[in-house]
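For reference, the chains in residue letters:
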Amino acid sequence: MVEKIDHIGIAVKDLNETLKIYTEILGLKSAGEETVAEQKVRVAFIPVGESEIELLESTEPDGTIAKFIEKNGEGIQHIALRVDNIEKTLEDLKARGVRLIDEKPRNGAGGARIAFIHPKATKGVLIELCERT
């Protein structure tokens, strides 16, 4: 079901400033930026080995990332796990009684199809399931 860690999502107030930490200080390279209007975020992916760091900046004050930062401050917001068949994975989890935020996949950054498991089902960790074609 799970192939690997796809990425770790980090909520940030200022994408450009935070990106400098990873590129200028750590010497990593950004794979580009993208706005996902549906989720009210601007993101940048930074490849690290076989996984990535995803920096997320809210584009709206009422966005999920803005609310997360208001409540928790900047920092790790979710861990994304790569799956090969997101529909089947969601069906299996639902059949096992796992609480989901998304029962159907939605479009995410980088052309991925994503869905979230509710953090109450995972001891407080927001887990994103991610399928890339």
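Report follows, based on the coordinates. (Residues numbered from 1 in each chain as written. Predicted model: local features only at pLDDT ≥ 70, side-chain atom pairs only at ≥ 80, totals over all residues. Heavy atoms only, no water.)

## Side note on unusual backbone geometry
Then, in step 1: Its identity as a non-glycine residue notwithstanding, Lys 40 has a phi of 60°, on the positive side.
Then, in step 2: Relative to the helices and strands, Lys 40 is located in the loop between strand S2 (33–36) and strand S3 (41–48).
Then, in step 3: The backbone of Lys 123 sits at a positive phi, close to 55°, despite the residue not being glycine.
Then, in step 4: By the secondary structure assignment, Lys 123 is in the loop between strand S7 (113–117) and strand S8 (127–131).
Then, in step 5: Classification of Lys 123 as exposed rests on a relative accessible area of 83%. (Helix = DSSP H or I, 4+ residues; strand = E, 2+ residues; numbered from the N terminus. Buried < 20%, exposed > 50% of the residue type's maximum accessible area, 1.4 Å probe, protein only.)

## Thoughts on helix H1 (residues 15–25)
Then, in step 1: Among the residues of H1, Leu 15, Thr 18, Leu 19 and Tyr 22 are the ones counted as buried. Axial view of H1: buried residues confined to an arc of 105°, hence all on one face. Residues of H1 that are exposed and point over 90 degrees away from its buried face: Glu 24 and Ile 25.
Then, in step 2: Looking at the buried positions of H1, the neighbouring elements they touch are strand S1 (2–12), S2, S3 and strand S4 (51–58).
Then, in step 3: The opening residue of H1 is Asp 14, an N-cap whose side-chain oxygen sits 3.1 Å from the backbone nitrogen of Asn 16.
Then, in step 4: At the C-terminal side of H1, Gly 27 shows a positive phi close to 75°. (Arc of directions from axis to C-beta. Contact = heavy atoms within 4.5 Å. Polar contact = N/O pair within 3.5 Å; in protein donor to acceptor, adjacent residues only side chain to side chain.)

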